[in-house]
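What follows is the residue order along each chain.
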Amino acid sequence: MRASQPTTRLPIAAAAAILLAALLALLSSPVTRAASAASAVPTDVASIINVVRTIDLTAAGIVREKTTAIFRAGSNAGGPVDHYLLGVPAGLAGHLSYVAVAERRDKNAAEVPLKPVELGVNRQAEVKREETQHVLGVLRRADLDLLLYRVQLQSPLKAGEKTYLDYSITMTQLAQPLPKIIPQMGRQLLMFAYDQYLPTPYFVEKQKTKFVNNILSDQPGGTRSGNEITYGPHFDISPAKDDVVYLHYEHAMGILVAKSLSRELEISHWGSALGITEYWELHNKGAAYVVLLRILKNNLFSRVDYQWSQGSHHLSNVVKGLRINLPPRAAHVYYRDDIGNVSTSHFRREPQRSLLEIRPRYPIFGGWRYSWHHTFDVPLADYMRRDKGTGKFVFQVPFISSFVNVTVEDVTFKLVLPEGATDVEVHVPFDADKTEVQKYYTNLDSVGRTLITIQKSNVADEYGRPIQVSYNLTTAALLRKPLVVAGCVFGLFLLGMVLSRLDFSIVADPNAAARDKVEQLRLSVSKTYRKYLTVAVTLKAAFDTYRASKDLAVFKERRAPLEAQQAELVAALRAAAKAARVPAASGTDGLPPSASAAALAAGADELAAKLGERGALLGALHDAVADFFTQADAAGGGVDEKRKAALTAKLDTTEERAGKIDADVRGIAAKLAL
């Protein structure tokens, strides 16, 4: 290990603090416990001709390394070399998020993706010849202290042949704030420690490492060019060689880390929509602004100072707002934070995306957090297609997509398929921590839906790749839901009908049969009474027409059937009264007065008598009026004034008596609840 005094462009006090922190980090850094020289792959078996590494530190809390290595098979490999061992310092395994490898057999050839397979650290004590298909001698990973990945080449390399390997490594939360606590609007500095030499079990003939960012303080030996520092080229590097570089740089951005993200999706074929809900718990893990320390100084967070310093917010790590990327045709957007919608928001559509901007009710300083969830719908056709060959539905959606350069420590992806989906196949383009397919029941489900759950930890932007799910859904399965809903509604009505006809009394009522018969008679009396009223109104209208037209023939023709019908209805009332006396004689004393047989019999008799009296009274009036008009016609249209006066008096008397009878009839009807 080469220990050297870092140079700085900072004030002396800051440089001293940086040096102290660097020395402490040097003792605890995982990269300082990298490979030893116990064993390695012999150069005549395989080696690396040239390595160019670029470590990008510009993202917030995410380090991205892009490496191009020219790999060559040795002359004494004992056979073709069919794989490459990619190494990562074992101490960085907890920060490792993503590894991708591609191969080019020629410098200008197209890249062919390869899949790295993790072998682990100390998974086996040795990697022997028969396991690697070429002579490695003995490679002890415990001595090398590397996390190894086996990368199968497109085709084996013969002795002396070479290939180009391009691989990308993404690590999260590797750069740490130094100092860890800053004032309210202080500037954030990060410390980053990394080995400038490639961690590999192979001998490297030539190597160059480049760090990209605005570095304030770095270790000697590098060459600056703009915002880049390049170390090398170095030659003839043994597998055990290492040299940790410490870089101190200003980073005016919040280091956003989501402790958890729950992304829940539900497919609806009936609504032709995809509903998406995301639950976020977001932390700013940059240099912390600790309110407790400010309390001790009697100086809490100052909103006034914050407003006055708006011009310098871009120089600090405070997060004033969040920009959430949504699909271009997102609709019905809704969000809510922990205590309700007290934040400011704005939603707009752009050609390639929709954007939901949220300004929380408070700025998110380092060490602070903000939790919320948002929901939106998108057309299902944007993510779904039908495979013409198999007839299956094929659904594709990104695993994550809302933010850029945000680390997510734990992602739970849930997809609910329509009820009745069968032959479900799930394709995840990366190694998930857990993939589970199970049944899920919600409202009015009969056979349940398929719930797909995918969990992954330490996730960065590189995992925004599509999850593919295919399934079959028949027309019968699609119609199951509306049929179940219709059946449930019909069943509820049917149950209500049955319950309304059941007798839930503890002791059987001995008078139930008599009560039912009385109720039937009461309904019959009510129907007869109302029909009588209709006939009476019709007869009165015919009489009024006759008084105006003097057409006796027409009046007689209409009068006779109406009066006959009235007589039949009165007879029907008397028959009902007679029938009501039968259960009354059997004893129904416990019945209410409005429904007792005795009261019904008496009331029906009284009603029949009153209606009969009314019919006779009005019939006599109709005869008198007809005689008056007939005699007047016989006298050539002359009117006897005495007869006219007598008729007028009779009309008044009859109407008065008929009014009293009608009042009595209404009283009887009310008493019988007709």
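Just above sits the structure.
So, how was this worked out
- Residues numbered from 1 in each chain as written.
- Predicted model: local features only at pLDDT ≥ 70, side-chain atom pairs only at ≥ 80, totals over all residues.
- Heavy atoms only, no water.
- Core = buried A, V, L, I, M, F, W, Y, C linked by side-chain atoms within 4.5 Å.
- Buried < 20%, exposed > 50% of the residue type's maximum accessible area, 1.4 Å probe, protein only.
- Helix = DSSP H or I, 4+ residues; strand = E, 2+ residues; numbered from the N terminus.
- Pairing = 2+ DSSP bridges.
- Axes fitted to C-alpha atoms, helices over the stretch in contact; angles between N-to-C directions.
- Phe/Tyr/Trp six-rings, centres within 6.5 Å; stacked < 30°, edge-to-face > 60°.
- Lys NZ or Arg CZ within 6 Å of the ring centre and 35° of its normal.

If you look at the biggest cluster of nonpolar residues, it comprises 55 residues, and the most contacted ones within it are I267, L274, W372, F395, F399, L415 and Y471. Counting residues per element, this core draws most heavily on strand β17 (residues 256-268), at five residues. Of all hydrophobic cores here, the second largest spans 50 residues; its members include V41, V88, L96 and I215.

For the rest of this paragraph, the subject is the pairing of strand β12 (residues 203-212). Note on strand geometry: in a regular strand, side chains alternate between the two faces of the sheet. As paired elements, strand β2 (residues 46-56) and β12 share eight bridges and run parallel to each other. By the bridge assignment, V51 is partnered in β12 with Q207. With seven bridges connecting them, β12 and strand β15 (residues 228-237) associate as antiparallel partners. Bridged to F211 within β15 is I229.

Moving on: the pairing of strand β25 (residues 393-398). One ladder, built from three bridges, connects strand β24 (residues 384-386) with β25; its direction is antiparallel. When the sheet's bridge partners are listed, M384 is paired in β25 with F395. Where β24 folds back on β25, the antiparallel hairpin that results is connected by six residues, among which G391 adopts a positive phi of roughly 80 degrees. Strand direction decides the pairing type here: β25 and strand β30 (residues 466-472), joined by six bridges, are antiparallel. Residue pairing across strands places F395 opposite V469, the latter belonging to β30.

Read from one edge of the open sheet, three strands run β4-β8-β7, paired in antiparallel fashion. A strand with exactly one partner marks an edge of an open sheet, and here the two such strands are β4 (81-89) and β7 (116-120). Geometrically, the sheet is characterised by an average inter-axis angle of 30 degrees between neighbouring strands, direction not taken into account. As defined by bridge partners, β4 adjoins strand β8 (residues 146-157) across eight bridges and the pair is classed as antiparallel. The residue bridging V88 from the neighbouring strand is L147, located in β8.

A few words on the packing of aromatic side chains. The relation between two aromatic rings is expressed through the spacing of the ring centres and the mutual angle of the planes. Within this structure, the stated rule accounts for 26 aromatic pairs. Both rings, one in Y383 and one in F395, keep their centres 6.4 Å apart while their planes meet at 50 degrees; by these two values the pair is tilted. With a gap of twelve residues between them, Y383 in the loop between β23 (369-379) and β24 and F395 in strand β25 connect regions that are remote in the sequence. Assigned by exposure class, Y383 and F395 land together as buried. Stacked on the ring of F393, the Lys or Arg R386 has its end atom at 4.2 Å from the ring centre.

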